[in-house]
Amino acid sequence: MLNGNLSGKTVVITGAGSGIGLATAYLAAERGAHVVLTDRTEDRIKEAAEEIGTGASYRVLDVTDSDAIDDVMGSIGTIDHLFTPAAGITMAPFTELSEEQVRDFFETKWWGQYRCVMAALPHIPKETGSITLTSGYLYRKIELNCFAFAAVNGAVEATVKSLAIELAPLRVNAIAPGPVDTHAHRMSTDEHRAFREAVSAQLPAGRPGTAEELAHSVLYLMENTFTTGITLDVDGGKR
């Protein structure tokens, strides 16, 4: 049966201090969920949890720290839905990337998600729960200087297909965001304008995506109980 809302459910989100994670926290709370925001930076998730109100709590969490992840996931109780968008950025030509850089990217984006799934798994109801991982368009839709993204995202998508079978009936999916306008605060006005113009020229949608649009897709994967084993492209028609 399709559950049209998340009322009374507990949703745990990593990397919830900004971007897609933060937008998902707000939207899930609007749908009636209790959201647990986690991030390495306490100030941002504390502020967000206070703004959301009684439907939210927070935990400080570094997804590279296995012991901390075990402690946090074990402290929550039942976890109905887990979403793991915590990641990073590593872009350079293959020949200019050090092994350490590639390993560090895997450490955060793949191993971080792996650790969170392993720690949360005993607390997620198999019949009704879900796990949503984060991949990205830079795997099946390759661009120059994105080897690290392609390799990590490919590993994430393979993980989804495997776990959807191995952990069934627990549902496991992923989103693959395209260019999303979530880093304006890190750019000058000119850099942000150039980013938007470049992305807009590339995409059939004619603009970058928003964190709120990605959050909507994450909630679809949580709520639609007949969807598992997929990576959902939310990328403005990126080719």
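What you are looking at is a predicted structure, and each value in this text was computed from that prediction instead of being measured.

A. Geometry of a negative patch on the surface. On the surface, a cluster of negative charge is made up of Glu42, Asp43, Glu47, Glu50 and Glu51. Looking at the element boundaries, Glu51 is found in helix 2 (residues 42-52). Taking relative accessible area as the criterion, Glu51 reaches 56% and is therefore assigned exposed.

B. Main features of the pattern of salt bridges. In the structure shown here, the tally under the stated rule is twelve salt bridges. Here Arg103 and Glu99 are joined by a salt bridge, their closest N and O atoms 2.7 Å apart. Of this pair, Arg103 and Glu99 are both found in helix 4 (residues 99-120), four residues apart, which corresponds to roughly one turn of the helix. Here Arg103 falls in the exposed class, since its relative accessible area comes to 56%. Where Arg140 meets Asp233, a salt bridge forms, and the shortest distance between an N and an O atom there is 2.9 Å. Residue Arg140 is found in the loop between strand 5 (130-134) and helix 5 (147-166), and its partner Asp233 is found in strand 7 (residues 231-234); the two are separated by 93 residues along the sequence. Judged by its relative accessible area of 41%, Arg140 falls in the partly exposed class.

C. Fine view of the layout of surface pockets. Reported here for the largest pocket is a volume of approximately 1300 Å³. Looking at the largest pocket, it is lined by 44 residues, and the ones nearest its centre are Ala87, Gly88, Ile89, Thr182 and His183. Every element with two or more residues in the lining of the largest pocket is listed here: helix 1 (19-30), strand 2 (34-39), helix 4, helix 5 and helix 6 (189-202). For the lining of the largest pocket, the class distribution of residues is 18 nonpolar, 19 polar and seven charged.

D. Just the nonpolar core, in detail. Counting residues in hydrophobic clusters, the biggest one holds 37 residues, and the most contacted among them are Met73, Ile79, Leu82 and Ile131. Grouped together as the second largest cluster of nonpolar side chains are 29 residues, Leu6, Ile175, Leu219 and Met222 included.

E. A look at the packing of aromatic side chains. A complete count under the given rule lists five aromatic pairs for this structure. Taking the centre distance of 4.9 Å and the plane angle of 70 degrees together, the rings of Phe105 and Phe149 count as edge-to-face. One end of the pair, Phe105, is in helix 4; the other, Phe149, is in helix 5, and 44 residues separate them in sequence. Across this residue pair, the class does not change: Phe105 and Phe149 are buried. Taken together, a centroid distance of 5.0 Å and an interplanar angle of 80 degrees make the contact between Trp111 and Tyr114 edge-to-face.

F. Here's a closer look at the packing of helix 3 (residues 66-76) against helix 4. Interaxial distance between helix 3 and helix 4 falls to 9 Å at its minimum, and their mutual angle equals 40 degrees. Here helix 3 is positioned oblique relative to helix 4, judged by the angle of their axes. Here the hand of the crossing between helix 3 and helix 4 comes out right-handed. Seen from helix 3, the contacting residues are Ser66, Ile69, Asp70 and Met73; seen from helix 4, they are Arg115, Cys116, Ala119 and Ala120. Across the contact of helix 3 with helix 4, the residue classes break down as five nonpolar, one polar and two charged.

G. How the structure looks around the pairing of strand 6 (residues 171-177). Among the seven residues in strand 6, seven count as buried, and that is most of the element. In strand 6, alternate side chains face the same way, and those of Arg171, Asn173, Ile175 and Pro177 on one face and Val172, Ala174 and Ala176 on the other are all buried. The pairing of strand 5 with strand 6 spans five bridges and is parallel. By the bridge assignment for strand 6, Ser130 is matched with Arg171. Taken together, strand 5, helix 5 and strand 6 constitute a β-α-β crossover, and its handedness is right-handed.

What counts, and where the lines are drawn
Residues numbered from 1 in each chain as written. Predicted model: local features only at pLDDT ≥ 70, side-chain atom pairs only at ≥ 80, totals over all residues. Heavy atoms only, no water. Patch = residues over 30% accessible without salt bridge, like charges linked within 9 Å, V, L, I, M, F, W, Y side chains within 5 Å. Areas by Shrake-Rupley, 256 points an atom, 1.4 Å probe, with all protein chains shown as cover. Salt bridge = Lys/Arg side-chain N within 4 Å of Asp/Glu carboxyl O. Lys, Arg positive; Asp, Glu negative; His and termini not counted. Charge placed at Lys NZ, Arg CZ, Asp CG, Glu CD. Helix = DSSP H or I, 4+ residues; strand = E, 2+ residues; numbered from the N terminus. Buried < 20%, exposed > 50% of the residue type's maximum accessible area, 1.4 Å probe, protein only. 1 Å grid on protein atoms, 1.4 Å probe; cavity = no way out; pocket = protein on both sides within 12 Å on 5 of 7 lines; lining within 4 Å. Points joined across faces, edges and corners; volume = space filled by probe spheres on them. Nonpolar A, V, L, I, M, F, W, Y, C, P; charged D, E, K, R; others polar. Core = buried A, V, L, I, M, F, W, Y, C linked by side-chain atoms within 4.5 Å. Phe/Tyr/Trp six-rings, centres within 6.5 Å; stacked < 30°, edge-to-face > 60°. Axes fitted to C-alpha atoms, helices over the stretch in contact; angles between N-to-C directions. Parallel < 35°, antiparallel > 145°, perpendicular 65-115°, else oblique. Left-handed = near helix turned anticlockwise from the far one by under 90°. Contact = heavy atoms within 4.5 Å. Pairing = 2+ DSSP bridges. Right-handed = clockwise from strand over helix to strand, strands pointing away.

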